[in-house]
Amino acid sequence: MASSFLLRRRVSSLGVVSRSLHGNMEHRWLRLESRVEALVTLFGATRKFSSGTGTTKFDFTDLTRPHTWYPNARRKHRKVILHMGPTNSGKTHNALKQLQSSSSGIYCGPLRLLAWEVAKRLNKAKVPCDLITGQEREEVDGAKHKAVTVEMADVTSDYQCAVIDEIQMLGCRTRGFSFTRALLGISADELHLCGDPAAVPLIQEMLRVTGDEVEVQFYERLSPLVPMKVPLGSFSNIQTGDCIVTFSRCNIYRLKREIENGGKHLCSVVYGSLPPETRTRQATMFNDASSDFDVLVASDAIGMGLNLNISRIIFSTMKKFDGIEMRDLMVPEIKQIAGRAGRYGSKFPVGKVTCIDAEDLSLLHSSLESPSPTLELAGLFPTFDLMYMYSLVHPTNSLHQILEHFLDNAKLSENYFIADCEEMLKVAAVIDELPLGLHDKYLFCISPVDMDDEISSQGLTQFAQNYANKGIVRLREIFTPGTLQVPKTQTALKELESIHKVLDLYVWLSFRLEDSFPDHELASSQKAICSLLIEEFLERLGWQKPRGRRLPSRARMNSLLSKDVRQHL
Ligand SMILES: Nc1ncnc2c1ncn2[C@@H]1O[C@H](COP(=O)(O)OP(=O)(O)OP(=O)(O)O)[C@@H](O)[C@H]1O
Ligand SMILES: [Mg+2]
């Protein structure tokens with residue numbers, strides 16, 4: 001499967017690139033320079049300069065006043081309404097009612113699936129709503145509303161109403177700074193924040209300096225969530241509507257197989273590295289009462305805000321590897337995941353929650369009874385403009401150096417921590433060897449690449465090299481369409497997931513460097529094929545009895561794919 005990608009080794013000595021190859025680069029440079037002038041004026045008006053040896057010096061690593069980075073929002077007197085409560089208490093529902101009745105608005109959520117749900121809901125209610133994530137733009141005629149993933153929050157337009165969902169993610173080590181940016185930066189008359197009450201004091205503190213009016217509304221859970229006294233024990237006790245939670249891909253497939261081998265149930269699966277469109281279809285299939293897939297096996301990718309028809313959450317383990325160590329699940333994680341059971345208004349209005357093993361029950365019960373610990377700090381990260389201005393004052397084009405300098409020297413006020421940018425540093429180490437401008441380097445650094453995934457990181461390296469050397473990146477140079485197959489093993493499945501990540505990265509870059517990544521359509525169609533092949537694998541795995549209404553694979557794929565995509569098969 002890896003042969004689909006003709007990935008080459010990284011070359012360290014590269015020729016000098018002619019700027020003219022980069023099409024719009026010069027234009028972008030000019031735009032940046034004028035933006036810097038405007039920023040210096042802005043900062044000059046609001047912050048002190050310290051004089052060094054005759055020249056005026058400016059400390060760009062002083063990040064103590066992040067609210068001043070967003071002049072649009074500061075010009076507004078925003079009304080900020082906090083919808084705070086446990087899971088399944090109607091927080092998002094109420095905020096969305098306000099969004100729906102507004103003349104213009106934006107919804108920012110932590111997951112593509114949530115943005116997708118909101119766009120669907122608004123469009124169904126005849127409120128045209130665009131769906132915008134890093135890798136997709138579904139624009140609807142006449143739309144004045146947008147549902148976006150939080151990283152795509154637009155801080156330059158004015159809205160009547162904005163919603164930021166799962167606002168407690170301000171405290172997330174890696175993504176928290178995007179929530180901070182949205183919270184401080186969105187320019188809206190009304191800003192609705194939904195989330196865990198543990199975030200209230202921090203948000204109040206952060207907004208003390210913005211001049212916004214803040215109102216807090218507390219919610220109660222709408223339907224009961226019952227922690228069970230008995231563990232699941234055997235898989236023969238699995239019932240329709242159950243969701244088994246586990247944290248590794250390996251375990252997800254093992255559990256799916258074990259349950260399906262019992263012959264009574266078929267399992268949808270949802271986990272992080274599954275392509276988002278596959279996740280959506282798996283979740284939809286599970287939610288659809290007429291589908292055969294009546295049990296869900298999932299990771300904590302289902303943990304936030306989603307409305308799934310789950311009757312009972314069953315934790316297969318209460319431990320998770322968090323990238324550094326194997327640790328017990330934390331109270332907010334347990335509550336978020338458990339909260340998926342028994343959604344108000346669903347087929348299963350009373351939720352139940354248990355574990356497979358009896359020894360895990362005490363941690364489950366005590367966690368569900370405990371309040372989440374109060375959130376103390378919000379993530380923060382310097383804007384590109386600050387890093388660019390720093391590079392002008394300390395002439396360097398090494399993004400790695402700049403990032404490290406900010407990490408080591410950033411001055412923060414007491415409400416913030418500097419975001420973990422380990423992934424960015426890994427990309428910067430590779431990209432700094434290439435003759436690229438700072439903005440291009442930055443773009444590659446914030447792209448959705450998984451540098452711990454070999455295929456994905458090689459894909460990024462090759463895209464960046466071709467872009468630096470030729471100014472244009474043709475997908476066919478590194479990828480041969482028509483070579484993708486249904487995976488036969490878990491290793492092949494993992495490879496296909498990685499290939500999907502590379503194609504996804506191409507699509508992401510094509511939205512930002514349109515002229516240089518022109519094969520948007522091809523990459524999107526190959527992505528769609530990847531996810532269908534993965535779904536085909538999921539259906540074949542553990543499928544014991546062929547069902548009559550299942551279409552043969554090629555016909556089924558054709559029925560799902562557009563004509564444009566089919567020609568690439
Ligand atoms: N007033 C209402 N009328 C009808 N349905 C409602 C109402 N309030 C909430 N719901 C439904 O209840 C379910 C849970 O609501 P919602 O998603 O708003 O909860 P939440 O508090 O945001 O939960 P989470 O913390 O898990 O995100 C949704 O399906 C929602 O549509
Ligand atoms: Mg919600």
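The name given to the chain in an unreviewed UniProt entry is RNA helicase, with the source organism recorded as Quercus rubra. The Subunit (unreviewed entry) field of the UniProt record for the chain holds the comment "Homodimer; in free form. Component of the mitochondrial degradosome (mtEXO) complex which is a heteropentamer containing 2 copies of SUPV3L1 and 3 copies of PNPT1." Comment text from UniProt for the chain, heading Sequence similarities (unreviewed entry), reads "Belongs to the DExH box helicase family."

Caption draft 1: Molecular detail of the sheet that holds strand E9 (residues 187-195). The strand order across the open sheet formed by eight strands is E6-E5-E7-E4-E8-E9-E3-E10, and the pairing between neighbours is mixed. At either end of the open sheet lies a strand with only one pairing partner, and these are strand E6 (136-138) and strand E10 (213-218). Neighbour to neighbour, the strand axes of the sheet diverge by 15° on average, direction disregarded.

Caption draft 2: Local environment of the sheet that holds strand E13 (residues 266-270). Spatially, E11-E18-E15-E12-E14-E13 is the arrangement adopted by the six strands of the open sheet, whose pairing is parallel. Among the strands making up the open sheet, the edge pair consists of strand E11 (225-227) and E13. Strand-to-strand twist of the sheet, defined as the mean angle between neighbouring strand axes without regard to direction, takes the value 25°. Its contacts with the sheet place helix H8 (residues 276-287) against strand E12 (242-245), E13 and strand E14 (293-298), and it is angled at close to 145° to E13. Docked against the sheet, helix H9 (residues 331-338) engages E11, E12, strand E15 (312-315) and strand E18 (351-355), running at close to 140° with respect to E15.

Caption draft 3: Region of interest: helix H5 (residues 176-185). For H5, the buried fraction is high: eight of the 10 residues fall into the buried class. Every buried residue belonging to H5 is among Gly-176, Ser-178, Phe-179, Thr-180, Ala-182, Leu-183, Leu-184 and Gly-185, and all of these are buried. Structurally, H5 contributes buried residues whose contacts are with helix H2 (71-75), strand E8 (158-164), E9, helix H6 (200-206), strand E19 (378-380) and strand E20 (416-418).

Caption draft 4: How the structure looks around the pattern of salt bridges. Inspection of every chain in the model, using the stated rule, returns 25 salt bridges. Between Arg-175 and Glu-151 there is a salt bridge; the shortest N-O distance is 2.9 Å. Of this pair, Arg-175 sits in the loop between E8 and H5 while Glu-151 sits in the loop between strand E7 (145-149) and E8, and the two are 24 residues apart along the sequence. By relative accessible area, Arg-175 is classed as partly exposed at 23%. Judged by its relative accessible area of 36%, Glu-151 falls in the partly exposed class. When the shortest N-O distance is used, the salt bridge between Asp-504 and Lys-527 registers 2.7 Å. Of this pair, Asp-504 sits in helix H16 (residues 490-512) while Lys-527 sits in helix H17 (residues 520-540), placing them 23 residues apart in sequence. Residues Asp-504 and Lys-527 agree in their burial class; the two are buried. Among the charged side chains, a network of salt bridges with common partners joins Asp-300, Lys-320, Arg-327 and Glu-333.

Caption draft 5: Highlighting the packing of aromatic side chains. For the structure shown, the criterion picks out 12 aromatic pairs. Judged by centre distance (5.3 Å) and plane angle (45°), the rings of Phe-177 and Phe-381 are tilted. With Phe-177 in helix H5 and Phe-381 in the loop between E19 and helix H11 (384-393), this residue pair connects regions lying 204 residues apart in the sequence. Judged by relative accessible area, Phe-177 falls into the partly exposed class, the value being 23%. Taking relative accessible area as the criterion, Phe-381 reaches 8% and is therefore assigned buried. Judged by centre distance (5.3 Å) and plane angle (70°), the rings of Tyr-506 and Phe-517 are edge-to-face. Here Phe-517 lies in the loop between H16 and H17 and Tyr-506 lies in helix H16, a separation of 11 residues in the sequence. Residue Tyr-506 is classed as buried on the basis of its relative accessible area, which comes to 0%. Three or more aromatic residues link up through ring pairs in this structure, and these residues are Phe-444, Phe-463, Tyr-467, Tyr-506 and Phe-517. The ring of Phe-511 carries Arg-137 above its face, with NZ or CZ at 4.3 Å from the centroid.

Caption draft 6: Local environment of unusual backbone geometry. Located in the positive-phi region is Lys-126, a residue other than glycine, with phi close to 65°. Checked against the element boundaries, Lys-126 lands in the loop between helix H4 (112-124) and strand E5 (129-133).

Caption draft 7: The pairing of E9, seen in detail. Along E9, seven of the nine residues are buried, which leaves the element largely enclosed by surrounding structure. Sheet analysis places E8 next to E9, joined by six bridges and oriented parallel. The residue of E9 that forms the bridge with Ala-162 is Leu-191. You can see the chain leave E8, run along H5 and come back into E9, and the turn it takes is right-handed.

Caption draft 8: Structural context of the site of ligand 1. Around ligand 1, 15 residues are found, and the nearest of them are Asn-88, Lys-91, Thr-92, His-93 and Arg-340. Here an oxygen atom of ligand 1 and a backbone polar atom of Asn-88 are 2.9 Å apart. Take His-93: an N or O atom from its main chain is 2.8 Å from an oxygen atom of ligand 1. Within the complex, 77% of the 620 Å² of free accessible area of ligand 1 lies under protein. Here the shell around ligand 1 is composed, by residue class, of three nonpolar, eight polar and four charged.

Caption draft 9: Layout of the environment of Ala-95. Relative to the elements of secondary structure, Ala-95 occurs in helix H3 (residues 91-100). When its relative accessible area of 0% is taken as the criterion, Ala-95 is described as buried. C-alpha of Ala-95 to C-alpha of Val-502: the two residues are 407 residues apart in sequence and 36 Å apart in space. Setting aside its immediate chain neighbours within four residues, Ala-95 contacts His-83, Val-163, His-192 and Cys-194.

Conventions we followed
Residues numbered from 1 in each chain as written. Chains lettered and ligands numbered in written order. Predicted model: local features only at pLDDT ≥ 70, side-chain atom pairs only at ≥ 80, totals over all residues. Heavy atoms only, no water. UniProt positions renumbered as here; feature names shortened; annotations may be inferred. Pairing = 2+ DSSP bridges. Helix = DSSP H or I, 4+ residues; strand = E, 2+ residues; numbered from the N terminus. Axes fitted to C-alpha atoms, helices over the stretch in contact; angles between N-to-C directions. Contact = heavy atoms within 4.5 Å. Buried < 20%, exposed > 50% of the residue type's maximum accessible area, 1.4 Å probe, protein only. Salt bridge = Lys/Arg side-chain N within 4 Å of Asp/Glu carboxyl O. Phe/Tyr/Trp six-rings, centres within 6.5 Å; stacked < 30°, edge-to-face > 60°. Lys NZ or Arg CZ within 6 Å of the ring centre and 35° of its normal. Right-handed = clockwise from strand over helix to strand, strands pointing away. Near = heavy atom within 4 Å. Polar contact = N/O pair within 3.5 Å; in protein donor to acceptor, adjacent residues only side chain to side chain. Areas by Shrake-Rupley, 256 points an atom, 1.4 Å probe, with all protein chains shown as cover. Nonpolar A, V, L, I, M, F, W, Y, C, P; charged D, E, K, R; others polar.

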